[in-house]
Amino acid sequence: GDTTDDVSILALAAARKEAADAEERRLLTQAVLTKLAYVHLASQNPVQTLCACQELLQSESVLSAEYRYVTRMYAAEALCWQDRCEEAAEMLVALVDNIDEHLTEEERGGHPPL
């Protein structure tokens, strides 16, 4: 009866809280790694920049468009500093291939996505 319903409601609330906490940790981790990549890039440390970027790109499918863009830009610059220009180009090609989906209609000049 009521006890079973109360337990179910509490279990559901606990599961939702756990999911929200996990999402908050994921977003915080993304923000910290992105800032860390920036600091390493500004400190002219391409190896550590690339480490932070690679960690972010391991979960690229859940990165926001902004984090995905910045991460790939930082990684490309770090790769260029290491004379790994072909890899840097590949990093940027992935951005160009997907850029249309991230633009607003106004940014596309009023045209729908290709």
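Everything that follows concerns the structure shown earlier in this document.
Residues numbered from 1 in each chain as written. Predicted model: local features only at pLDDT ≥ 70, side-chain atom pairs only at ≥ 80, totals over all residues. Heavy atoms only, no water.

## Digging into the pattern of salt bridges
(1) Moving on: Evaluation of the coordinates by the stated rule reveals four salt bridges.
(2) Moving on: With a closest N to O distance of 2.9 Å, lysine 17 and aspartate 21 form a salt bridge. Of this pair, lysine 17 and aspartate 21 are both found in helix H1 (residues 2–42), four residues apart, which corresponds to roughly one turn of the helix.
(3) Moving on: By relative accessible area, which is 26% here, aspartate 21 ends up partly exposed. (Salt bridge = Lys/Arg side-chain N within 4 Å of Asp/Glu carboxyl O. Helix = DSSP H or I, 4+ residues; strand = E, 2+ residues; numbered from the N terminus. Buried < 20%, exposed > 50% of the residue type's maximum accessible area, 1.4 Å probe, protein only.)

## Brief notes about a nonpolar patch on the surface
(1) Moving on: The grouping of Tyr69, Met73 and Leu92 at the surface amounts to a nonpolar patch, some 250 Å² of accessible area in total.
(2) Moving on: The class of tyrosine 69 is partly exposed, set by a relative accessible area of 42%. (Patch = residues over 30% accessible without salt bridge, like charges linked within 9 Å, V, L, I, M, F, W, Y side chains within 5 Å. Areas by Shrake-Rupley, 256 points an atom, 1.4 Å probe, with all protein chains shown as cover.)

## Some details on unusual backbone geometry
(1) Moving on: Positioned with a positive phi, glutamine 44 is a non-glycine residue whose angle comes to about 55°.
(2) Moving on: Considering the arrangement of structural elements, one finds glutamine 44 in the loop between H1 and helix H2 (46–57).
(3) Moving on: Even without a glycine there, the phi angle at aspartate 83 is positive, about 55°.
(4) Moving on: Mapped onto the secondary structure, aspartate 83 falls in the loop between helix H3 (65–81) and helix H4 (85–98).

## A word on the packing of H1 against H2
(1) Moving on: Orientation of H1 relative to H2, taken along the N-to-C sense of each, is 160°, at an axis distance of 8 Å. Taken together, the axes of H1 and H2 are roughly antiparallel relative to one another. The handedness of the crossing between H1 and H2 comes out as left-handed. Every residue of H2 that contacts H1 at Gln30, Leu33, Thr34, Ala37, His40 and Leu41 is listed here: Gln48, Thr49, Ala52, Cys53, Glu55 and Leu56.
(2) Moving on: Partitioning the contact of H1 with H2 into residue classes produces six nonpolar, five polar and one charged. (Axes fitted to C-alpha atoms, helices over the stretch in contact; angles between N-to-C directions. Parallel < 35°, antiparallel > 145°, perpendicular 65-115°, else oblique. Left-handed = near helix turned anticlockwise from the far one by under 90°. Contact = heavy atoms within 4.5 Å. Nonpolar A, V, L, I, M, F, W, Y, C, P; charged D, E, K, R; others polar.)

## Re H1
(1) Moving on: Its 41 residues place the ends of H1 59 Å apart at the C-alpha level, agreeing with the 60 Å of an ideal helix rising 1.5 Å per residue.
(2) Moving on: For H1, every residue scored as buried is listed here: Gln30, Ala31, Leu33, Thr34, Ala37, His40 and Leu41.
(3) Moving on: Looking at the buried side of H1, the elements it contacts are H2 and H3.
(4) Moving on: Immediately downstream of H1, the backbone of glutamine 44 shows phi near 55°, a positive value. (Expected span 1.5 Å × (residues − 1).)

## Considering the packing of H2 against H3
(1) Moving on: Close contact between H2 and H3 brings their axes to 9 Å; oriented N to C, the two are set at 145°. For the pair H2 and H3, the crossing hand works out as left-handed. For the pair H2 and H3, the contacting residues are Pro46, Thr49, Leu50, Cys53, Leu56 and Leu57 in the first and Thr71, Arg72, Tyr74, Ala75, Ala78, Leu79 and Trp81 in the second.

## Notes on the packing of aromatic side chains
In this description, an aromatic ring pair is defined by two values, namely the gap between the centres and the angle between the planes.
(1) Moving on: By the definition in use, this model includes one aromatic pair.
(2) Moving on: When the centroid spacing of 6.1 Å and the interplanar angle of 45° are considered together, the rings of tyrosine 38 and tyrosine 74 count as tilted. Highlighted residues: tyrosine 38 in helix H1 and tyrosine 74 in helix H3, separated in sequence by 36 residues. (Phe/Tyr/Trp six-rings, centres within 6.5 Å; stacked < 30°, edge-to-face > 60°.)

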